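Per-entry structural report
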Amino acid sequence: MNAQTEVLTMTGPSGQIELAVDRPELASRGVAVIAHPHPLHGGTLTNKVVQTLARACVQAGLTAVRFNFRGVGASEGVYDEGRGELDDLLAVVAAHAAEGPLFLAGFSFGAFVTSHAAVRLHVSRDIQRLVLIGTAASRFDAAPVPAELHARTLVVHGEQDDTVPLSSVMDWARPQVLPVLVVPGGGHFFHGQLPMLRELVLRHLRA
């Protein structure tokens, strides 16, 4: 993302996991772990939406930790339909955000995995904010957001998303009465709208 980005590796459940860490200029007020889109469709930690999330986190005073799921980039292992990827995310949290304020964010497939991580972690961790962008609710079984986290959760979806239809996200959100912020005219990758997306996320993180 910038010259200060630190590229690391750590041992994960399926071998080495590649990470990119960006730190704020002043003392960090927490760690945000950010999950990328589908590994079999070009999703990596350098995805533009993922980088936008990282920028918002750093601007909000957080340490942003992006990582490649198993089988992507320098991360070892093979795609596991979300099960192993959840294990990867939990391993990154355990290694880089074991204590202190925790923030979780994900885009597309990464939002699906992050939803399950939130369910798993909220019983033992105080999740400060949850950010789910373009949640893959049509092809995957996104987990309901724990009721206690609703006020801390930002769900953003593009009105004209042709990868994950808005109707699928509404079907997922409706039983939870979980608000969804719809970007008019927005597509799955928010082309031309990333600055606005960054501001929406930054506003949520600072609230």
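Residues numbered from 1 in each chain as written. Predicted model: local features only at pLDDT ≥ 70, side-chain atom pairs only at ≥ 80, totals over all residues. Heavy atoms only, no water.

Side note on the overall build of the protein
The helix and strand tally for the protein stands at 5 helices and 8 strands. The order of α-helices and β-strands along the protein, N terminus first, is β-β-β-α-β-α-β-α-β-β-α-β-α. Principal axes of the C-alpha set define a box for the protein whose edges measure 40 × 35 × 35 Å. Looking at the protein as a whole, 58% of its 207 residues are labelled buried. By sequence separation, contacts in the protein at least 24 residues apart represent 71% of the contacts at least 6 residues apart. (Helix = DSSP H or I, 4+ residues; strand = E, 2+ residues; numbered from the N terminus. Buried < 20%, exposed > 50% of the residue type's maximum accessible area, 1.4 Å probe, protein only. Contact = heavy atoms within 4.5 Å.)

Points about the packing of helix H1 (residues 48-59) against helix H5 (residues 194-206)
Helix-helix packing is characterised by the crossing angle of the two axes and by the distance between the axes. Interhelical geometry of H1 versus H5 gives an angle of 40° and a closest axis separation of 9 Å. Between H1 and H5, the crossing angle belongs to the class labelled oblique. Note on packing geometry: the crossing formed by H1 with H5 is right-handed. Taking contact as the criterion, the partners of Lys 48, Val 49, Thr 52, Leu 53, Arg 55, Ala 56, Cys 57 and Gln 59 in H1 are, on H5, Leu 194, Leu 197, Arg 198, Val 201, Leu 202, Leu 205 and Arg 206. Residue classes in the contact of H1 with H5 are distributed as 9 nonpolar, 2 polar and 4 charged. (Axes fitted to C-alpha atoms, helices over the stretch in contact; angles between N-to-C directions. Parallel < 35°, antiparallel > 145°, perpendicular 65-115°, else oblique. Left-handed = near helix turned anticlockwise from the far one by under 90°. Nonpolar A, V, L, I, M, F, W, Y, C, P; charged D, E, K, R; others polar.)

A short note on the sheet that holds strand S4 (residues 63-67)
Taken in spatial order, the 8 strands line up as S1-S2-S4-S3-S5-S6-S7-S8 in an open sheet, and their pairing is mixed. Across the chains shown, the open sheet's two edge strands, defined by having one partner strand only, are strand S1 (6-12) and strand S8 (181-183). The sheet shows a mean angle of 20° between the axes of neighbouring strands, taken without regard to direction. Relative to strand S2 (residues 15-22), S1 runs antiparallel, the two being bridged by 7 bridges. In the strand pairing of S2, Leu 8 is matched with Leu 19. Running over the sheet, helix H3 (residues 109-121) touches strand S3 (31-35), strand S5 (102-107) and strand S6 (127-133) and is turned about 150° from S5. Along the sheet, H5 contacts S5, S6, strand S7 (153-158) and S8; its crossing angle with S6, the most-contacted strand, is approximately 160°. (Pairing = 2+ DSSP bridges.)

Remarks on the pattern of salt bridges
Counted according to the given criterion, the structure contains 8 salt bridges. Between Glu 6 and Arg 23 there is a salt bridge whose closest N-O contact spans 3.1 Å. Taken together, the residues Glu 6 in strand S1 and Arg 23 in the loop between S2 and S3 connect sequence positions 17 residues apart. Notably, a salt bridge pairs Glu 81 with Arg 83, separated by 3.2 Å at the nearest N-O pair. Of the residues examined, Glu 81 reaches a relative accessible area of 47% and is grouped as partly exposed. One connected set of salt bridges, linked through shared partners, spans Asp 80, Glu 81 and Arg 83. (Salt bridge = Lys/Arg side-chain N within 4 Å of Asp/Glu carboxyl O.)

A look at the environment of Leu 40
Turning to its location among the elements, Leu 40 is positioned in the loop between S3 and H1. The class of Leu 40 is exposed, set by a relative accessible area of 54%. Considered as a pair, Leu 40 and Phe 69 are 29 residues apart in the sequence and their alpha carbons are 11 Å apart.

Looking at the environment of Asp 126
Considering the arrangement of structural elements, one finds Asp 126 in the loop between H3 and S6. On a C-alpha basis, the gap between Asp 126 and Phe 103 in space is 9.0 Å, while along the polypeptide they are 23 residues apart. Look past the residues within four positions of Asp 126 in its chain and what remains in contact with it is Leu 102 and Arg 152.

Re the layout of surface pockets
Taken as a whole, the largest pocket encloses approximately 260 Å³ of empty space. The wall of the largest pocket is formed by 15 residues, among which His 38, His 41, Ser 108, Thr 163 and His 188 lie closest to the centre. (1 Å grid on protein atoms, 1.4 Å probe; cavity = no way out; pocket = protein on both sides within 12 Å on 5 of 7 lines; lining within 4 Å. Points joined across faces, edges and corners; volume = space filled by probe spheres on them.)

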